Amino acid sequence: MSECGGRGGGGSSSSNDDAEDEGGGGGGGPAGSDSLSPAPAGESSAGRLRRGLRGASLMARRRPELLCGAVALGCALLLALKFTCSRAKDVIIPAKPPVSFFSSRSPVLDLFQGQLDYAENIRHDSEVILLFFYAPWCGQSIAARAEIEQAASRLSDQVLFVAINCWWNQGKCRKQKHFFYFPVIYLYHRSFGPIEYKGPMSAVYIEKFVRRVMKPLLYIPSQSELLDFLSDYEPGVLGYFDFSGSPQPPGYLTFFTSALHSLKKDYLGTIRFGVITNKHLAKLVSLVHSGSVYLHRHFNTSLVFPREIMNYTAENIYKWALENREMLFRWLRPHGGKSLLMNNELKKGPALFLFIPFNPLAESHPLIDEITEVALEYNNCHGDQVVERLLQHLRRVDAPALESLALAPPAQLPDTPLITASPCCNTVVLPQWHSFSRTHNVCELCVNQTAGGIKPSSVSMPQCSFFEMAAALDSFYLKEQTFYHGASDSIECSNFLTSYSPFSYYTACCRTINRGVAGFLDSEQDVFEAPAVAFSSLEKKCEVDAPSSVPHIEENRYLFPEVDMTSTNFTGLSCRTNKTLNIYLLDSNLFWLYAERLGAPSSALVKEFATIVDVKEESHYILDPKQALMKFTLESFIQNFSVLYSPLKRHLIGSESAQFPSQHLITEVTTDTFWEVVLQKQDVLLLYYAQWCGFCPSLNHVFIQLARLLPMDTFTVARIDVSQNDLPWEFMVDRLPTVMFFPCNRKDLSVKYPEDLPITLPNLLRFILHYSNPVSPWNMVADPPTKECLQSEAVAQQGHISHLEREIQKLRAEISSLQRAQGQVEFRLSSARRDEHRLRRQQQALEEQHRLLQQHSEQLQALYQQKTRELEALARKLQELADASENLLTENTWLKILVATMERKLEGKDGAESPAPPREAHPEHPEPSGTPHLPGSTPPPSNISSVLASERSDNRTD
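Reading guide: rules and limits
Residues numbered from 1 in each chain as written. Predicted model: local features only at pLDDT ≥ 70, side-chain atom pairs only at ≥ 80, totals over all residues. Heavy atoms only, no water. Helix = DSSP H or I, 4+ residues; strand = E, 2+ residues; numbered from the N terminus. Buried < 20%, exposed > 50% of the residue type's maximum accessible area, 1.4 Å probe, protein only. Contact = heavy atoms within 4.5 Å. Areas by Shrake-Rupley, 256 points an atom, 1.4 Å probe, with all protein chains shown as cover. Pairing = 2+ DSSP bridges. Axes fitted to C-alpha atoms, helices over the stretch in contact; angles between N-to-C directions. Parallel < 35°, antiparallel > 145°, perpendicular 65-115°, else oblique. Polar contact = N/O pair within 3.5 Å; in protein donor to acceptor, adjacent residues only side chain to side chain. Phe/Tyr/Trp six-rings, centres within 6.5 Å; stacked < 30°, edge-to-face > 60°. Lys NZ or Arg CZ within 6 Å of the ring centre and 35° of its normal. Disulfide = S-S within 2.5 Å.

Peer 1: It is not clear to me how the overall build of the chain should be interpreted in this structure. Could you clarify?
Peer 2: For the chain, the helix and strand inventory stands at 26 helices and 24 strands. Expressed as a percentage of its 958 residues, the buried residues of the chain come to 37%. Counting contacts in the chain only where the partners sit at least 6 residues apart, residues at least 24 apart contribute 72% of the total. Accessible surface, the chain: about 56800 Å² in total, of which carbon and sulfur atoms supply 56%.

Have a look at this one:
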């Protein structure tokens with residue numbers, strides 16, 4: 001037995017291993033027979049699962065590379081999943097926790113986590129509290145942080161400053177407040193609020209506003225303080241309350257709340273609220289009963305709140321004061337972004353902008369007091385006594401005690417004295433450069449204020465007005481061509497209507513006076529004498545005197561000592577002119593950039609500047625920066641603007657003067673160089689252009705060729721960018737591009753290039769030659785020309801003609817060269833066209849080949865896809881065959897094992913019944929290799945064969 005067992009174990013080691021793996025036991029008879037018994041019907045699925053797992057383990061043993069690949073694939077899948085999850089965590093990483101915005105030593109309580117509930121709790125316990133809502137990333141919030149700290153350091157003992165981070169997404173401030181901008185400043189006075197501050201983020205302005213919230217009412221105990229309150233430029237509301245009977249009179253809290261309402265609606269605080277407790281002071285402003293409210297107005301009738309019409313509420317008091325207030329001037333505080341603030345104010349009419357340094361915390365403002373005095377006098381049309389009393393108080397002039405501020409009926413102004421019918425005459429010496437001065441050099445201008453049947457009593461203009469004489473002189477210059485009557489020493493007189501006034505006409509009598517005889521010219525020789533001007537051809541250089549030598553009446557006021565500019569009364573000037581000014585103030589510490597854009601010098605030591613802007617007239621004027629901004633200069637500035645013929649000169653803003661080398665053909669003209677280049681030198685052809693003009697650059701080559709043709713010593717080609725340089729109105733144009741020609745010695749006869757004529761080089765030359773020839777001298781002088789003059793003129797003309805002939809020859813040579821170049825270009829164009837046709841044919845052939853190749857490619861692609869599908873089908877069939885062969889091999893192996901097992905069982909049964917003779921070494925029927933050979937084995941009985949057949953069918957089914 002031991003030997004059989006040994007032989008059997010040694011001879012079938014591999015089979016035993018397989019059986020051990022399959023059955024899990026040693027392969028004994030009972031165990032093996034139990035495992036071969038068919039499974040119950042209820043356990044068929046579990047059996048199939050076990051068999052599948054056994055097959056997988058067997059496959060892994062036979063092909064270990066599949067197991068390694070599956071393990072590697074699983075590891076790679078796990079790594080990819082982990083990497084993807086880690087990236088998702090990076091995307092949704094939570095925000096970093098906020099940090100303190102203010103330092104720990106700051107007097108500002110910083111709730112950097114947005115604890116709005118805590119802020120609400122401490123707000124109810126504080127009398128005045130300031131809440132500063134900020135976002136840590138906001139640049140404006142960061143800039144305002146230092147200003148808030150500075151204001152808090154001065155008011156921390158009276159006001160609680162709290163900063164709240166309203167950007168932290170987990171804070172209550174972000175969840176409850178929805179601000180569209182940062183920073184936001186709210187103030188609360190006890191339970192009243194919020195009062196939002198929208199002024200400049202400056203410490204002094206914030207502190208001033210906080211103090212106004214702390215003390216919205218100003219208590220007035222004396223008459224001097226009452227005059228201070230009433231003479232202020234801001235409108236004032238006074239309330240009278242009698243505290244003798246009660247510590248809190250009826251209506252006092254309502255009046256107090258109305259003052260807070262004004263700060264809530266108007267952050268500038270333009271309406272001031274005051275309280276009078278003295279009965280005698282209250283009578284001065286017509287307040288008799290306790291609880292009465294008085295609105296002071298300087299020029300219109302002051303008002304008392306109508307209790308019988310409106311309910312006495314805080315909202316109604318503020319609305320009533322706002323609707324009926326009267327403004328002397330306004331403060332403008334642009335916020336720095338895009339805004340229509342300035343545009344809306346300029347549409348109201350001419351505006352006077354005053355830039356002054358302003359400190360809101362200062363106790364007194366002398367310059368603002370002077371401006372207030374100017375505004376009161378400017379608008380005091382009826383000479384009101386109350387306004388006069390307030391002006392005396394501003395001037396610190398001692399005056400009798402004030403009896404009452406009730407407005408008296410307007411005083412009747414004395415009638416303006418009528419003008420006599422006698423004319424106002426003045427002698428004018430004509431400048432040398434005027435064409436009329438060649439025959440007459442002295443004119444007597446007489447202004448008569450009666451014309452067309454108008455009686456002298458109906459005209460109310462001062463006699464011998466300086467501005468009347470200026471208008472007469474301007475009209476004379478415009479109409480002086482009427483005096484061209486030929487050469488004569490006789491007096492020429494004519495009557496003309498003034499171009500500027502339909503109620504006046506003037507008489508002009510002109511004659512020639514010998515300079516050596518006229519005594520009055522000897523005393524004024526330095527003023528009027530100018531060198532003689534020689535009229536010659538274009539080749540002679542012509543120069544004109546500087547503008548200071550031109551005796552225009554506006555520039556030589558000292559010649560008319562009888563004209564007193566200060567005689568005009570400034571009081572009530574706004575009612576006597578149709579150019580009434582609106583006065584605006586701006587803090588130069590904050591808005592000096594606006595002043596520089598309006599003409600203020602950027603290097604000014606004192607930031608004070610005054611300018612008048614008139615949008616309707618498209619002009620603005622500036623006060624001389626060399627003059628100090630004070631009452632006298634401001635009154636003179638306003639008065640000069642308000643008169644009919646203003647002596648102010650329009651301020652011209654131009655670009656920086658460009659200094660070009662002498663080799664530049666075209667001269668660039670600016671506002672500063674316009675007089676020197678255009679109005680003083682030789683013949684000038686000026687091109688008006690702008691950077692945004694699309695057609696202007698196309699003319700550059702034409703003007704460059706023109707500048708090369710014309711002599712530079714007698715002719716100048718220039719251009720000016722009118723979008724960057726202002727010019728006087730008489731030199732402006734209404735379309736671009738525009739060409740103007742200014743002839744030598746006759747700048748007043750400038751000519752505009754025809755708009756319907758193309759701007760080409762030949763047209764420009766004809767235009768220049770046509771208007772550059774001066775008028776013949778013998779048409780302007782009394783004596784006929786001499787022979788020598790005619791010969792010199794003929795020589796000059798001959799030289800000019802020869803110069804033009806040479807230029808024409810050069811032009812013809814250039815034209816011939818251009819024609820030859822044109823022929824060459826045409827030949828090259830024809831060859832290029834032939835090449836183009838050939839290339840087009842080649843392109844068409846290539847496109848046809850490309851189309852065929854594309855079709856062939858599509859066919860190959862379809863064939864490739866078809867073959868790919870067929871190969872995939874074959875691969876699937878081969879895989880199925882491989883799987884079937886694997887199953888057959890497995891079944892064959894199991895069959896061998898079962899056969900070997902049955903043989904052992906049969907041998908065991910035969911040995912138990914009768915001893916059998918020893919087997920021969922070589923059986924009659926050799927068994928195939930690999931089949932377990934057991935001693936005494938016999939063919940399996942029929943029942944075992946049936947079992948094996950059923951098992952094989954089950955395996956095939958699986």
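Now that the structure is up, let's keep going.
Peer 1: Looking at this structure, I do not really get the sheet that holds strand β23 (residues 738–742). What am I missing?
Peer 2: Remark on secondary structure: sheet strands pair via backbone hydrogen bonds, oriented parallel or antiparallel. An order of β20-β22-β21-β23-β24 is seen for the five strands of this open sheet, with the pairing classed as mixed. On the outer flanks of this sheet lie β20 (666–669) and β24 (751–752), each paired with one strand and no other. In this structure, strand β21 (residues 683–689) lies alongside β23, joined through five bridges in antiparallel fashion. Bridge pairing links V684 to F742 in β23. Running over the sheet, helix α24 (residues 761–772) touches β21, β22 (715–721), β23 and β24 and is turned about 30° from β23.

Peer 1: What is the right way to read the packing of helix α10 (residues 223–230) against helix α16 (residues 385–394) from this model?
Peer 2: Axis angle and axis distance: for two packed helices, these are the angle between their axes and the distance between the axes, and together they describe the pair. Direction vectors running N to C along α10 and α16 enclose 105°, while the axes themselves pass 10 Å from each other. Classified by the angle between their axes, α10 and α16 sit roughly perpendicular to one another. Contacts between α10 and α16 involve S224, L227, D228 and L230 from the first element and R389, L390 and H393 from the second.

Peer 1: Looking at this structure, how should I read the side chain of T270?
Peer 2: As for its position among the elements, T270 is in the loop between α11 (252–265) and β8 (272–276). At a separation of 2.9 Å, a polar atom in the side chain of T270 contacts the side chain of R325. If sequence neighbours within four positions are ignored, T270 has contacts with E234, P235 and R325.

Peer 1: Explain the packing of aromatic side chains here, please?
Peer 2: For any pair of aromatic rings, geometry is given as the distance between the ring centres together with the angle between the planes. The tally for this structure, following the rule as stated, stands at 33 aromatic pairs. Look at F179 and F182: their rings are 6.1 Å apart centre to centre, the planes differ by 75°, and that puts the pair in the edge-to-face class. Plain terms: the ring middles of F179 and Y186 are 6.1 Å apart, the flat faces sit at 70° to each other, and that makes the pair edge-to-face. Note on Y186: relative accessible area 14%, which makes it buried. Geometry around Y312 places R307 over its ring, the cationic atom sitting 3.8 Å from the centre. A cation over an aromatic ring shows up here: K579 above the ring of F641, its NZ or CZ 4.7 Å from the ring centre.

Peer 1: Help me understand the state of the cysteines in this model?
Peer 2: In a disulfide, the sulfur atoms of two cysteines are held together by a covalent bond. Throughout the structure, instances matching the rule amount to three disulfides. Linked covalently through their sulfurs, C381 and C575 form a disulfide whose S-S length is 1.5 Å. Disulfide C381 to C575: torsion about the S-S bond roughly 70°, handedness right-handed. Placement of the pair is C381 in the loop between α15 (366–379) and α16 and C575 in the loop between α19 (525–528) and β17 (582–587), with a sequence separation of 194 residues. Bridging C693 to C696, the disulfide has an S-S length of 2.2 Å. Here the disulfide of C693 and C696 is right-handed, its torsion about the S-S bond being about 85°. For the pair C693 and C696, a shared accessibility class is recorded, and that class is buried.

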